[in-house]
Structures are given as structure tokens and as C-alpha cells.
Amino acid sequence: PKRCSTVNLVVPLRGEGPGNMQIRVMQWNVLAHGLANDGFLVSQPNEEGASILDRARSVQVLGQTMKQRAKKSGEKIRLKDLPEEMKTWDPPPFDFAQRLKSNFQEILQEEQRYLQEITDLPKRCAMITARVQAEQPDIITFQEYDMFETLNPLLEAAGYSAGSDQGSYQELAQRVKDLGIQLKKGGGGSPKDFAQKYRELLEEYAAKGLCVCPNFNSTARRFNPDGFDDGVAIYWKTSTLKSREPPDVWTYDMTGDAPAIRVKLQHNSGSPLDVMTLHLPSSPGKELRRQLNLWQLHELLGGALADGPPLILAVDLNSDAHLQPPLGQDAKVQVIAEDGSSEKVEFQLDQPLRHTCFQLLQSGTGTGTGSRRPYSHPADVKAAKSMANCDFPHWGLKNAWGTEDRIPLSVVKMRGPASEQVQKWGELTLETTDHVFCSPHFKVAQCGTGYRHYNHQDKQDLMRRFKDPQAPNQEELCELLKGLIPSSTIPSDHMCVLATFQLSPRDEAVEVQGYAPEEMEEDFLLGDRVLIKAAKEEPKAWEGTVRFIGITDFATGEWLGVELDIKAGKNDGSVHGKRYFQCEDKYGLFLHPSAVQKFKASSPRDIALEKAKVQEALALAMEDHDIETIRRVLPAAESLGIDPKEIHFARQIVDSVASYDLQGEVKGLCSSLLKLRRTLENIEASSSGRPGATQGTSYQELERRLLSESLPKVLEHFMQGAQSPCKAGKAGAAGSQTDVPQANRQKPAGIASASTAPAPSEGSVKQKFRKNLMAGLKDGSLETVVKSIPDTGQ
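Note that the structure is a prediction, hence the values are computed from the model and not measured.

## Focus: the pairing of strand β20 (residues 542-551)
For step 1, the next point in the chain: Among the 10 residues in β20, eight count as buried, and that is most of the element.
For step 2, the next point in the chain: When strand β19 (residues 529-532) meets β20, the two strands line up antiparallel, connected through four bridges. When the bridges of β20 are listed, isoleucine 532 appears paired with tryptophan 542.
For step 3, the next point in the chain: Note that β20 and strand β21 (residues 558-564) share seven bridges and pair antiparallel. By the bridge assignment, glycine 550 is partnered in β21 with tryptophan 559.
For step 4, the next point in the chain: Where β20 folds back onto β21 in an antiparallel hairpin, the turn is made up of six residues, including glycine 557, whose phi is positive at roughly 85 degrees.

So, in C-alpha cells, the structure goes:
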């Protein structure tokens, strides 16, 4: 899969205007050089997905074992301790685990060598530059940026600027590094004093126009003492943009040691644009700290972000979009006390947090009018305790994905046996932490990464299957882990996000302060549920979700790209080799807006009634094993938020019935073949005058043709039809070629009712059936094929 998201953001145009301005933004956490050698598990050249999955599971089991031993002993296990620890490790039955047990040092050296090849700094910077040149963004935002000396000359040669010369950055970075060293030595004042000096340094160089802010005392430099601290940066293409005034910089976090930067740009047409970037603290347990950071930044920004020029906020939140509230009540925050000293304060929240950073940036519970109590910095522990009940600052931004449900991953990584952090070995990370947000001036038109879209339930299912080698659909895991990053083609452990948006020069003449979103004419938005008007040959209209809005290469004018709920489309979101959005093949369709109708917004009461109606229809269909009705109702059930357990049971029923139908069809096929055999035997016996003769040349030739040519193809055809009888998110699709329309069919024997025992695990019947059939074919006789078919009670 591609590792580069595409996002289009379009500003509604006010009337006709000459030459609409188009801006392309690249958002990328480029992986600090100081962290690059921290033992990522990386795929090796031409390695198959099954091999990577085996390595990942082996490392996960070993990591869990070491973590348990460390907990039991109370002492941290380090990489140098592993050879001794391996002597008493009982490895699981995975190939890589057995190799680790017998040749740990040799494998460790191999993993370290290949990782170093991938994370070589000049090579990574060349890869980053190549991607920039291929995508030609107008704006680039970086996080974990500690490679200025190597990458900046390459970007400048490609026509990009960060606002100042290389000497200015090196001077600033060295002074920030010296400040951090001085702090660690305990001289020159309190942490509060150092935070003040750090802020003054950033402001001094921002006044010179430098749009790069190194971090202060970063984690990256702890791994790379000779290097500079990582940080954030904003570049722009000098041929289309220029800085209209020096950037704004802020320092935030509990001890004031993290930077944020906002660049004020102007297009050649004269249109203004602000771009901002920042990087919040990592790990799921720091969600409270991240929310305090956003509160603090909102105060520093002066609030009311939507009232200024059009704004793009490109960030690494380090907070998964699907982090599930309510979040825990235990909290630990480092604060600067009034006397300037630094201390860690542990306390209990009054209530668990109810929202995530991803959600709060889009709305916030406050009004933005100043009625809420202000953020207190240094951290106000009393305020932090009641964060769940706080009137949170109103950011009022929109996420570029256009949805909070199924969105692409931005991080797929795992630490392996080359990592010093043994306690993190085998922790598979599947997250979307990198985002582009925008002010209400914009309309989102497209978002995709090349990966499938996942929601929280999908990711939980992936993690469950990763830990269970017997779980079905291991192929999807293999394919996903082939995309582990960093890799020989991706220089970071994060995907880059590409955002394209348009601004009309006519907006330039309108005061941004007076911008009124309600004056925009109604239009389609990414994620809108739509009805596609029925064609003459179709009995009814189709339903789908808008995934793309904009200009295409295959035809003039504006087009809508729609992901249908059923397999009735013409493509997978690409036309003539160019991708506009991502979906399963034959689920994508491009249409003129005139051919599409938006679903009308319903009142809460209407939605509740519709949900009850759909829930009842789904329950009855599950009880009757009415497959056609289940498939028709599932998309609406998912969109209305019906219990995921009910939806899971429904899919299991479809899967089981499809397998049952498949068995019946293949039995019928084999029965016909046996009848044909008996007929041939009789004919040959009669013609030879020797009753009982059964192996004549005519029959042998026919059996050879059937077994070696026809029958395997027919069986493979049937089995492929049963592979996806009900695709997630596309339950209305004609997913199986063995579907039997049946409104009132009898319940097949052995298939559980939704109200009693659960159906067999998804795919288990299909896999056993396929294995037995193919094994029977190897024997070379029709009898074995028939005998190998499982009992219908399976």
C-alpha cells in the first residue's frame, strides 16, 4: 500500500474569479535521527508477509516474557542482559522464535545492520527530498526535525525555504543545546528560568524570519548526545509563496519546553494563508497532558482561530483518532511550582476524560466567548482534576478526513530485537495520530492513504487476530505488516499526509473578519451520505458515501467520487491509473453532482425511530437467516450506530449460510459427476461384453480431464465466491457467487440462532472445507473428492 495520504481542501468560491489559487501541503513527522536506530522491526528485501508476521509474533512473545520477568524481579532488563535471559526462554512454535533462541547474537547483529542501512541519514534525507520533488507541495510541515544540516540544502535546491539561512539555524540549535546541557548540570537557575530563556531564544530567531524551532531537552538527543534537538519546521515553495511577516512562536507543555510555530504566508495572487504546526507528547497515558497543552496553546493564540485568515493546522497529535473515552482517572503531571522548581504531581481526576484531543480540536465544549475560566500556567492541578467537566476552549476546526469513524492509518510500526527498549518489544502500533485540520473557510473534498479505512472496532479486531495465529483472515495481517515503517522506501515511522486545497482570489477582496459560512451555497462534503438517482435500467437508487470532490484528468468539470454500499460501481477509486480515492474494486463510481442527492438531515426523534426500525428488521432477518435482508440492512445499521456485537453476529450468519450453500452446490456437482461415471461404466461394460469392467480408456480419459482441468477450476471458482460473503462496510454487496435468494428459507442444520449459540468463527468452515476438497483432488479419484466434503452439520 502507498504510504502517503491525499487530502483535498476546497474553499467555496464566491462568484467567478480569474485563476483560482491551488495550494498543496505536505505534513510529515520525519522521525528524528536520534530515534531512528531505536530498534524498529523492518521488512527485509523481498520478504513475504507470512515471514514478517512470524517475526512480529515471535518478538511479541519474547517481549511479553521479558516484561513479566522484569516485573517479577523488580529490575529493568536491558539489551545486554538478553543473551543470558534467552537461555531460560521457552520459545513458541514460530520459526523466527526458534532462530532467536538458538542464534540470538547473530540475528541481533543482522537486525541492527539492516536497520542502520534503512535509517542512514543521507539516504533518508534523499528519500524525503525525492518525495517532495515528486509531490511538489507548496507548503511542508515537519515534526521530529533534527536533520536540518543535511536536509535543508536539498530542500533549498528544490526551491523551498524555511525563511532564513543555514547559519541562523545552526547558531540557534547550538544555543538551545547548550541551554539543555546547562539545565541538566543544575546550574544557571530554576526550570522556570530555563523555560523563559528558551522562549526568548525562539522569539529572537523568529524575528529574523527563521521558521524552524528546535525542541528543548528532547528525547531524541538523549539517544544522540552529539546531535541537535529535534523540533518543528515549516517550508514553502518560493516560486508561489512568500512570508508576509515574521512567524509567531510559542512554548508550551508543563515545563514550557515544547515549541509551536505559525507562519503567515501570501500567495503570488495576494491571498493570505496561515499555516501552523506542533507536536504533542507521546504515549496513550498522556492524554490529560495533551489536552492541557491544547488548552494552554489556545490561550497563547488568543482564541477565535476561525476569525483570522484561512488557517491550516498540520500536526502530530500523538493521540490516536480512535482513542476511546472515558479515559482513566489516574494522572501524573510534571509542573513548575511558583518558586520555579519542577515536580511531578500525582492525583485523581474527579471524572474520567470524556473527549479526545482529536475531538476537542474540532469543537471544544466552550463557546469561545471568554466565559470559561482561563488556563493557569504553570499547571493548575485543581483545574486539571476537573478537566472532564471543564468548559474546554472552542477551537472550531474541521478534520480533513471528513469523519471520526473509518479513517486511514498513519503509523504502522513495531520495535524489534534491535531496540534498547526491551519492554516495548513486540508492541504493534496501528494508529492515526497525524492530522490536517482547517478553519471553516475550507471544504474538505478528499482523503485517503492507500490503506483501508479503519475504525476502533476494526483495529481491535486486527490486534486480536495478531495475537491469535488460529484466527481467520491472516492474509490481511500479512499484507498490513508488509507495510511496516520505516522501510527501504519510506524514511520515517509515520506516513506523510498530502493536502491540496483551493482559495479564490475573490476572497481576497472580502474581509476575512466578515466571513460568514452561512452565506455559502449548499454543496457536498467529504463523508456525506448520498442517494444516486436510479438509472433507467436500475429498479431503485443506490446509496453511498462521498469520498472525492473536484477536478479530474479523465473529464472536464467537477465530479463526485462515491463509494457505493453495494458492488455496483465501475472502479476502486482510480481511473486510467490515477487514484482519486480508495475503496474496494467495483464499489467506486464517479458522477456529476446533478446525478447525486444528499440525504436530508433528520431530527433526533426521526433518527431514533429509524434506528429502532432498522434494529428490528435486522433482528428478524437474523432469526430467519434471511441473508438478502441482512445484507440490505447492515449499511444502515452501521451508520446508525447499532451495537457492534449485533452487526458481528449478522456477518457470522451470512458467512455460515454462504458456506452451507456452497457445500450443497459442490455436492450436487460431484453427484452429477458420479452419475456420469456410472453411465460411462455401463456403456463400456456393455460394449466390451465384460460386466464390471470399470477402467476403460474412455472413462480414464474423461476422469483425467475432469480432475486435472475442469473440476479444480470449478471448485476454485466456488471457493473464491465464498471468501467474502459479507464485506465489512459493504454488507449490501453481492459478495458471494453462491447466494441463494430466500425470504422464507428453512434454517440450515447446525447453524446457530442469533439468540442462542454464536455462529462458527468467521472463515473457519470455509478454510476446512477448502483444505479437505483440495486434499481430495490430490488422490486422483472422484470418490475421494466426494468423501472429503464435510458433513453439512459442520
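## With respect to the nonpolar core
For step 1, the next point in the chain: Judged by nonpolar contacts, the single largest core of 58 residues is most densely connected at Ile139, Phe142, Tyr145, Leu155 and Tyr235.
For step 2, the next point in the chain: Here this core gets six residues from one element, more than from any other, and that element is helix α8 (residues 191-206).
For step 3, the next point in the chain: Residues contacting leucine 155, with those up to four places away along its chain left out, are Thr129, Val132, Ile140, Phe142, Tyr145, Tyr160 and Tyr235.
For step 4, the next point in the chain: Core analysis: the second largest hydrophobic core is formed by 38 residues, Leu41, Leu62, Ala97 and Tyr454 among them.

## As for unusual backbone geometry
For step 1, the next point in the chain: For the peptide bond that leads from isoleucine 485 to proline 486, omega is 5 degrees, which places it in the cis range.
For step 2, the next point in the chain: On the secondary structure map, proline 486 appears in the loop between α14 (474-481) and β18 (496-503).
For step 3, the next point in the chain: Look at histidine 576: it is not a glycine, yet its phi comes out positive at around 55 degrees.
For step 4, the next point in the chain: Take histidine 576: its relative accessible area is 76%, and that puts it in the exposed class.
For step 5, the next point in the chain: Unlike most non-glycine residues, lysine 586 shows phi in positive territory, near 70 degrees.

Calculation rules
Residues numbered from 1 in each chain as written. Predicted model: local features only at pLDDT ≥ 70, side-chain atom pairs only at ≥ 80, totals over all residues. Heavy atoms only, no water. Buried < 20%, exposed > 50% of the residue type's maximum accessible area, 1.4 Å probe, protein only. Helix = DSSP H or I, 4+ residues; strand = E, 2+ residues; numbered from the N terminus. Pairing = 2+ DSSP bridges. Core = buried A, V, L, I, M, F, W, Y, C linked by side-chain atoms within 4.5 Å. Contact = heavy atoms within 4.5 Å.

Any link to function would need more than the numbers given here.
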